[in-house]
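Working through the structure, step by step
Residues per chain, in single letters:
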Amino acid sequence: MPAPARSGIMTGTNPAASDALLAVILASLDDDKAEDVVTIPLRGRSEMGDFMVIATGRSSRQVGAIAEKLTERLKEAFGTNCKIEGKETGDWVLIDSGDVIVHLFRPEVREFYQLEKLWMPAEAVAKAR
């Protein structure tokens with residue numbers, strides 16, 4: 001039985017639903033010219049979601065715009081109100097859509113935190129970038 005949704009966010013849904021959510025997220029990031037998009041599968045590894053997506057915007061303004069459009073598209077496609085943090089500064093924006101956690105960074109901030117190294121094996125990180 002799926003976990004109850006919190007604030008309209010998809011959580012504990014079936015794999016097909018989280019795969020569909022991921023597809024919309026990746027399409028939105030591509031449409032808005034996000035760079036170095038990396039998808040990290042979390043299904044079975046973490047309770048926080050099925051996927052983590054990490055992407056880069058060229059500037060704080062672009063990071064904020066990508067985040068804004070992504071949340072609008074998710075609301076339109078799934079009726080979800082995503083939790084979003086960091087949009088005001090645009091250095092690192094976190095979007096929690098439930099089954100997919102999205103991190104949007106400016107290049108320098110992404111390089112500093114290196115989230116990929118925490119969640120992916122070293123050889124996968126080298127291939128992803």
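Above this note sits the structure.
Attention here is on the structure that accompanies the text. Residue numbering note: each chain is counted from 1, following its sequence as written. Under the rules for a predicted model, residues below a pLDDT of 70 receive no local features and side-chain atom pairs below 80 are neither given nor counted, while totals for whole chains, interfaces and linings still include all residues. Hydrogens and water are ignored here; the side-chain numbers use all heavy atoms of the structure.

Turning our eyes to something else, we now look at the packing of aromatic side chains. In this scheme Phe, Tyr and Trp rings, the latter by its six-membered ring, pair at centre separations within 6.5 Å, and the angle between planes marks the pair as stacked below 30 degrees, edge-to-face above 60, and tilted otherwise. Considering all chains together, one arrives at 3 aromatic pairs under this definition. Plain terms: the ring middles of W92 and F105 are 4.8 Å apart, the flat faces sit at 35 degrees to each other, and that makes the pair tilted. Highlighted residues: W92 in strand 4 (residues 92–96) and F105 in strand 5 (residues 100–105), separated in sequence by 13 residues. Any residue under 20% of the maximum accessible area for its type is buried, any over 50% is exposed, and the rest in between are partly exposed; the area is computed with a 1.4 Å probe on protein chains only. Among the residues examined, W92 registers a relative accessible area of 28% and is labelled partly exposed. Ring geometry for F112 and Y113: centres 4.9 Å apart, planes at 90 degrees, overall edge-to-face. Assessed through its relative accessible area of 41%, Y113 is described here as partly exposed. An aromatic cluster is defined as three or more aromatic residues linked by ring pairs; in this entry it consists of W92, F105, F112 and Y113. Numbering goes from the N terminus for both helices and strands, where a helix is a DSSP run of H or I of at least four residues and a strand is a run of E of at least two.

Taking 1.5 Å per residue as the helical rise, helix 1 (residues 15–31) with its 17 residues ought to reach 24 Å, and the 24 Å between its terminal C-alpha atoms agrees with that figure. Within the span of helix 1, buried status applies to S18, L21, L22, I25, S28 and L29. Mapping the buried residues of helix 1 onto a view down its axis gives an arc of 125 degrees, with all of them on the same face. Opposite its buried face, helix 1 presents the exposed residues A16 and D30, each directed more than 90 degrees away. Immediately downstream of helix 1, the backbone of K33 shows phi near 65 degrees, a positive value. Expected helix span is computed as 1.5 Å times (number of residues minus one). An arc is given here, and it is the one of the directions from the helix axis to the C-beta atoms.

Soluble globular proteins: nonpolar side chains tend toward being buried together. In this structure, I25, L29, V53, I95, V100, V102 and L104 are the most contacted members of the largest nonpolar core, which totals 19 residues. When contributions to this core are tallied by element, the ones reaching two or more residues are helix 1, strand 2 (51–56), helix 2 (60–78), strand 4 and strand 5. Among the elements that line this core, the one with the most residues is helix 2, at 5 residues. Two residues qualify as a contact provided that any one of their heavy atoms is within 4.5 Å of a heavy atom in the partner residue. Not counting the four nearest positions on each side in its chain, V53 is found in contact with L22, I25, L26, L29, V37, V38, T39, V100, I101, V102 and H103. Core analysis: the next-biggest nonpolar cluster, separate from the first, contains 9 residues, V38, F105, L115 and M120 among them. Only buried residues count toward a nonpolar core, which is a set of Ala, Val, Leu, Ile, Met, Phe, Trp, Tyr and Cys residues joined through side-chain atoms within 4.5 Å.

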